[in-house]
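Given next are the chains, with one letter for each unit.
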Amino acid sequence: MSYFAEKQPLVADIFSRYPDSPQGRRSALMPLLREVQDAEGFVSESRMAEIAALCGTTATEVRSVISFYSTYHTLPTGKYHLQVCSTLMCALAGSDELWDHLVETLDVQPGEVSADGRFSVQKVECLGSCGTAPMMQINDDGYYENVGPSKCARILQSLRQDLQPLPDNPVPVTVGADGRQVLATGQAIGSSVTGLHRLPEQAGGEA
Amino acid sequence: MTATAPTPPKPITSAKDPRFAPTLYAHVGQAESWTLPYYRRNGGYEPVKRAFAMGPDAVIEEVKKSGLRGRGGAGFATGLKWSFMPLKDGKPHYIICNADESEPGSFKDRYLLSEDPHQLIEGMIIAGYAMRASVGYIYIRGEYVHAAERMWAAIHEAREAGLLGQNILGSGFDFQLYVHRGAGAYICGEETALMNSLEGLRANPRLKPPFPAAAGLYGLPTTINNVETFCAATQILRYGADWHAGMGTEKSKGMKLFQISGPVARPGVYELPLGTTFRELIYDWAGGPLEEMKAIIPGGSSCPMLPWTDSILDTPMDYESVAAAGSMLGTGGVTLIPKADCIVNATWNLVRFYGHESCGKCTPCREGISSWMTRMYQKLVTGRGQPGDVQLILDMSDNIGGRSFCALADACLGPVLSSIKHFREEYDALAGTQQPLYPARKRWKDA
């Protein structure tokens, strides 16, 4: 069963982003891998061959690319794939303990799927959420941030009932509603952005 | 001689200066800030019209005059970089936005991508116009799923509105923009590795020269800039080069997104003029440390850590001052390391990171970092250290530094050598008595 045979518009859209050349076709490799993994959860041998044919390369080359990157899976993951950031900024906030807790509580090691098929875990490197540490990403669905022990317990409880909580999407609180930054004392500083718009619009050089 | 030159206004070097207001982050966190109607209501897509009125060469001159330097870490002069693109070679030109943000301690670009995508699109149209590029790619790290979705949505909005495509706003300039998602590899932040990844290959770095402006993506002239750099270009075209050059120090001009992480009261991203001191960021904006500190990583994990002293805290955060203090401004990602944490263990975490992220292409990095350095630190932190281990790490570093294919191995040596320099006694304790001066402690707690 081909995955892409009945998805010609999608394939055409992906190829249209790159030059109409052998090199350009090869550029579609990672987006095609992403499509398959989003739909099926992992990339099987047969899908590698299919993508290789589309990109004008070999399945071995495709596997070589997959093995380079950390977010592709060649085996199914659990229904909830927990990716725990383990780099220093999260470690300073206790990510090692978070990781140990998950591995013990869920009784699952990296590369395994828990007995009920629900959980798999992966230690990942810095996900760019250092201001909201510790954190984890669940599947491709978003960041769960400031995951302390009680928040972790609430998340796991929901997942065990197959109710995935909404990810956090907090933005830094550093800029207020008027576009001004707020000092730790609570004082908003500087002109507002609206004020800044009244700066002389002198740009344009001598043109 | 009656007329004297007017006194030039004093440059802004603190966000507490009433003349300062955030621009890059002014809309981050506002409702609907990522939509085209919001962006246009707030003056969006006016800077690009100004660029079209100026002409491409004047745009490059304006960016040169602004003093903008690359915000991805290296701090190379942006206008100069743009001027390296060949003008009339008849070949297609590319521009790429490096949105692979993966230097530990850096988290500024994620919010720009997801909260203000049109600011980036506008900056890329301006840059594409200046550099005669017809196609741009935004290479977003694979884990930034939400950011990639927001970027795609914004690109579609811009296309519908005639801001991307043929003859943009009647200027005669054609430009297309696409998102290309990475898949999890730190090395993709290195520009030639990024281009290999975009070409569907393993992300090994390429030999330089040729530099990307001569032979980059698909062998064609290419320029790569960081997300924040393109966004700064949008603001420069909005408020003018003089406005930008009126902030910061003599050689480090403009505003910068500083990030602060570790145990502080208000970690996060702060937009401050270059030349702001560490002390102002840490105490006045981030509310101060929550416990006693001993080290500051000033600009992302590869920048050598500095000791927690008054003279370091009073160092202005600009490219030159941080270099003079013995480190680098990098991405502006400041991390504080508490006194009670073992510095060898903290450095081991970063060594493990670089060992994991080494691409394996060259021997000094593959054998030196991924294998030897990793094992030496494992040995120390697991209580199996021996006298001579620290000297061995220093000797290895001598053989790795400056000998690897790209900067990744040197990036690993940043924390290694600086932690030995400033906290040698902690290493000697582990090598001599197998006991850390600062034993492991519980850190995981509810916010």
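Report on the accompanying structure. What you are looking at is a predicted structure, and each value in this text was computed from that prediction instead of being measured.

1. Details of the overall build of chain B
Helix and strand content of chain B: 18 helices and nine strands. Its C-alpha atoms give chain B a radius of gyration of 23 Å, near enough to 22 Å, the size a compact globule of 447 residues would have. If you line up chain B on its principal axes, its C-alpha atoms span 75 × 55 × 55 Å. Buried positions account for 63% of the 447 residues belonging to chain B. Summarising the internal contacts of chain B: among those between residues at least 6 apart in sequence, 71% fall at separations of at least 24. Accessible area for chain B stands at about 15,500 Å²; split by element, carbon and sulfur atoms hold 55% of it. In chain B, which carries 45 positive and 45 negative side-chain charges, the distance between the mean positions of the two groups comes to 2 Å.

2. Looking at the overall build of chain A
Looking only at helices and strands, one finds nine helices and six strands in chain A. For chain A, with 207 residues in total, the buried portion stands at 51%. For chain A, the share of sequence-separated contacts (at least 6 apart) that also reach a separation of at least 24 residues comes to 55%. Of the roughly 9,100 Å² that chain A leaves accessible, carbon and sulfur atoms contribute 52%.

3. Quick look at empty space enclosed by the protein
Residue and element names in this part refer to chain B. If you walk through the whole model with that rule in mind, you get two cavities of 30 Å³ or more. Of the voids in this model, the second largest cavity is the one considered here, and its volume is about 60 Å³. Contributing to the lining of the second largest cavity are Pro205, Ser358, Cys359, Gly360, Lys361, Cys362, Cys365, Ser404, Phe405, Cys406, Leu408 and Ala409. Residue classes in the lining of the second largest cavity are distributed as eight nonpolar, three polar and one charged.

4. Comments concerning the state of the cysteines
In this structure the tally under the stated criterion is zero disulfides over all chains. Looking at Cys130(A), it has no disulfide partner, and the nearest cysteine sulfur is the one in Cys126(A), 3.8 Å off. In this structure Cys130(A) comes out as buried when scored by relative accessible area, which is 4%. Cys359(B) takes part in no disulfide bond, and the closest cysteine sulfur to it belongs to Cys406(B), at a distance of 6.2 Å.

5. Side note on the layout of surface pockets
All names here are of chain B. Size it by volume and the largest pocket reaches roughly 1,400 Å³. As for the largest pocket, its lining consists of 50 residues, of which Gly72, Ala74, Gly189, Glu190 and Glu191 are closest to the centre. Taken together, the residues that form the lining of the largest pocket break down as 19 nonpolar, 19 polar and 12 charged.

6. Considerations on the packing of aromatic side chains
Applying the stated criterion across every chain yields a total of 22 aromatic pairs over all chains. Among the aromatic side chains, those forming a connected cluster through ring pairs are Tyr18(A), Tyr94(B), Tyr137(B), Tyr178(B) and Tyr218(B). Here Arg110(B) stacks its cationic end above the ring of Tyr111(B), 4.8 Å away from the centre of that ring. Between Arg110(B) and the ring centre of Tyr144(B), over which it is positioned, the NZ or CZ distance is 5.9 Å.

7. Observations regarding the interface of chain B and chain A
If you look at the interface, chain B gives 98 residues, while chain A gives 78 residues. If you sort the residues of chain B by the area they bury against chain A, Arg202(B), Tyr239(B) and Trp444(B) come out on top, with a joint share of 13%. Put simply, chain B and chain A have three salt bridges between them. Across the pair Glu145(A) and Arg110(B) runs a salt bridge, and its minimum N-O distance is 3.3 Å. The tally of links between chain B and chain A comes to 32 residue pairs in polar contact (both at pLDDT 80 or more). Broken down by element, the side of chain B that touches chain A gets its largest block of residues, seven residues, from helix H14 (residues 343-357) of chain B. Looking at the side of chain B that touches chain A, its residues break down into 49 nonpolar, 23 polar and 26 charged.

8. Description of unusual backbone geometry
Residues and elements named next belong to chain B. That bond from Lys208 to Pro209 is cis: its omega, -10°, falls within 30 degrees of zero. Its location among the elements puts Pro209 in the loop between helix H8 (191-198) and strand E4 (222-226). The peptide bond linking Pro209 to Pro210 adopts the cis configuration, its omega dihedral lying at 0°. On the secondary structure map, Pro210 appears in the loop between H8 and E4. Positive phi, normally seen in glycine, also occurs at Leu169, with a value near 50°. Take Leu169: it is sitting in the loop between helix H7 (145-160) and strand E3 (176-181). On the accessibility criterion, Leu169 (37% relative accessible area) is partly exposed. Here Tyr218, not a glycine, exhibits a phi torsion of approximately 55°, which is positive. Counting through the fold element by element, Tyr218 comes out in the loop between H8 and E4.

9. Observations regarding the pairing of E4(B)
Residue and element names in this part refer to chain B. A large share of E4 lies buried, amounting to five of its five residues. Neither face of E4 is open: one carries Thr222, Ile224 and Asn226, the other Thr223 and Asn225, and all of them are buried. Sheet topology note: the strand E1 (residues 94-99)/E4 ladder contains five bridges and is parallel. Along E4, the bridge assignment pairs Ile96 with Ile224.

Parameters and conventions
- Residues numbered from 1 in each chain as written.
- Chains lettered and ligands numbered in written order.
- Predicted model: local features only at pLDDT ≥ 70, side-chain atom pairs only at ≥ 80, totals over all residues.
- Heavy atoms only, no water.
- Helix = DSSP H or I, 4+ residues; strand = E, 2+ residues; numbered from the N terminus.
- Rg over C-alpha atoms; globule rule 2.2 N^0.38 Å.
- Buried < 20%, exposed > 50% of the residue type's maximum accessible area, 1.4 Å probe, protein only.
- Contact = heavy atoms within 4.5 Å.
- Areas by Shrake-Rupley, 256 points an atom, 1.4 Å probe, with all protein chains shown as cover.
- Lys, Arg positive; Asp, Glu negative; His and termini not counted.
- Charge placed at Lys NZ, Arg CZ, Asp CG, Glu CD.
- 1 Å grid on protein atoms, 1.4 Å probe; cavity = no way out; pocket = protein on both sides within 12 Å on 5 of 7 lines; lining within 4 Å.
- Points joined across faces, edges and corners; volume = space filled by probe spheres on them.
- Nonpolar A, V, L, I, M, F, W, Y, C, P; charged D, E, K, R; others polar.
- Disulfide = S-S within 2.5 Å.
- Phe/Tyr/Trp six-rings, centres within 6.5 Å; stacked < 30°, edge-to-face > 60°.
- Lys NZ or Arg CZ within 6 Å of the ring centre and 35° of its normal.
- Buried area = accessible area lost by both parts, 1.4 Å probe.
- Salt bridge = Lys/Arg side-chain N within 4 Å of Asp/Glu carboxyl O.
- Polar contact = N/O pair within 3.5 Å; in protein donor to acceptor, adjacent residues only side chain to side chain.
- Pairing = 2+ DSSP bridges.

None of the figures reported here should be taken as evidence of function without further support.
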